Structures are given as structure tokens and as C-alpha cells.
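An overview of the molecular structure
What follows is each chain in one-letter form.
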Amino acid sequence: MEGLEITRHPGPGEEPVHGEYRAHVPGSDHVGRLTWKARGNARIADHTLVPPEIGGRGVAAALVEALVADAREQGFMIVPQCSYVDAQFRRHPEWSELLAPTPS
């Protein structure tokens, strides 16, 4: 989406235990969010929230793409706990190397 800005907001501390990605849509005060929690070398993507006022514009997909880009750049794995993030991983098999192994 043209003009969409994604910002990253890690939790407090040098090794944050949680954080979120925020999507800022031009001309709107509404913000989309993808929240995560740390687990070792993985981030558990637990919620993707996009208000209806900015829905249908690819905001949620852009949030997941930002998480995937950061995982590739920073070397962490992803646990797609959120159903939307899980669906995006099923649509993008090229992301499979970023999936954290499931604990047995």
C-alpha cells in the first residue's frame, strides 16, 4: 500500500521479551498491529489486529512481511500462533525456513 509506514516497538530492555509492529496508514489515526513475544531465538507472532476503518488495504499482510524481513535480517525464527500469520506462512512456502521448530 502506498505511503504505509511500519514502525517497530520492542518491549523494554536490551533483550525485549515482547514487542509489536505498527502500521500507520496515511490519512488515518487508526493503527494496525502485529504483536509478538520472545521465546529463545524465536518470536511468537500472537496477534494481528487491523481496525475495520483501515481493513482491506493489505495492512495485515504488510505487518507480516515486515516481521519476515526482520527475521531474515536479524536471524530469529517465527512461531505463527496468530491464525492470520499462520495462513500467510501457508500461502508463502518460501518462508518455511523461518518457521521455528515445534516443541515435542
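Everything here concerns the structure above.
Report on the accompanying structure. Residue positions are given per chain, counting from 1 as you read along its sequence in written order. In keeping with the model being predicted, local features are shown solely for residues with a pLDDT of at least 70 and side-chain atom pairs are shown and tallied solely at 80 or more, while totals for entire chains, interfaces and linings include all residues. Side-chain numbers here rest on the full set of heavy atoms in the structure, without hydrogens or water.

**Details of helix α2 (residues 83-91)**
We count it as follows: Categorising residues by exposure relies on relative accessible area from a 1.4 Å probe, with only protein chains included: less than 20% of the type maximum marks a residue as buried, more than 50% marks it as exposed, and the intermediate range marks it as partly exposed. Working definition: helices are DSSP H or I runs of at least four residues, strands are E runs of at least two. Numbering for both runs from the N terminus. Only heavy atoms matter for contacts: two residues are in contact if any of them lie within 4.5 Å across the pair.
Burial in α2 covers these residues: V85, A87, Q88 and F89. Residues of α2 that are buried in the fold lie against β3 (31-39), β4 (42-49), α1 (59-74) and β5 (77-80).

**Some remarks on α1**
Worth spelling out the cut-off: In a helix, the anticipated span is given by 1.5 Å times the number of residues less one.
Compared with an ideal rise of 1.5 Å per residue, which puts 16 residues at 22 Å, α1 spans 22 Å between its outermost C-alpha atoms and is within 8% of the ideal. Looking at α1, one finds that the buried residues are V59, A60, A61, A62, L63, V64, A66, L67, V68, D70 and A71. On its buried side, α1 packs onto β1 (5-10), β2 (18-24), β3, β4, β5 and α2. G75 sits one or two residues past α1 and shows a positive phi near 85 degrees.

**Considering the environment of G40**
Here G40 is to be found in the loop between β3 and β4. Residue G40 is classed as exposed on the basis of its relative accessible area of 78%. Along the backbone, G40 and F76 are 36 residues apart, and their C-alpha atoms lie at a distance of 8.9 Å.

**What to know about the pairing of β5**
In plain terms, the rule: Two strands are said to pair when DSSP picks up at least two bridges between them.
As paired elements, β4 and β5 share four bridges and run parallel to each other. By the bridge assignment for β5, R43 is matched with I78.

**Regarding the side chain of D46**
Put simply, the rule is: Polar contacts here mean pairs of N or O atoms no more than 3.5 Å apart (in protein, one a potential hydrogen donor and the other a potential acceptor; neighbouring residues in sequence count only if both atoms are side-chain atoms).
Along the chain, the position of D46 falls in strand β4. In terms of polar contacts, D46 uses its side chain to reach the side chain of K37, at 3.4 Å. Setting aside its immediate chain neighbours within four residues, D46 contacts T35, W36, K37, Q81 and C82.

**Focus: the environment of T48**
Its place among the elements puts T48 in strand β4. Given a relative accessible area of 17%, T48 falls into the buried group. Each C-alpha atom of the pair T48 and T35 lies 6.6 Å from the other, and the pair is 13 residues apart in sequence.

**Brief notes about the packing of α1 against α2**
For the record, the criterion: Fitted lines through C-alpha atoms serve as axes, helices being fitted only where they are in contact, and the angles separating the N-to-C directions of these axes extend from 0 to 180 degrees. Here the angle decides the label: under 35 degrees means roughly parallel, over 145 means roughly antiparallel, 65 to 115 means roughly perpendicular, and every other value means oblique. Each residue is assigned to one of three groups, with Ala, Val, Leu, Ile, Met, Phe, Trp, Tyr, Cys and Pro labelled nonpolar, Asp, Glu, Lys and Arg labelled charged, and all others, Gly among them, labelled polar.
Contact pair α1 / α2: the axes reach a minimum separation of 10 Å and the direction vectors enclose 70 degrees. Put simply, α1 runs roughly perpendicular to α2. Of α2, the residues touching α1 (which contributes A60, A61, V64 and V68) are Y84, V85, Q88 and F89. For the contact of α1 with α2, the residue count by class is seven nonpolar, one polar and no charged.

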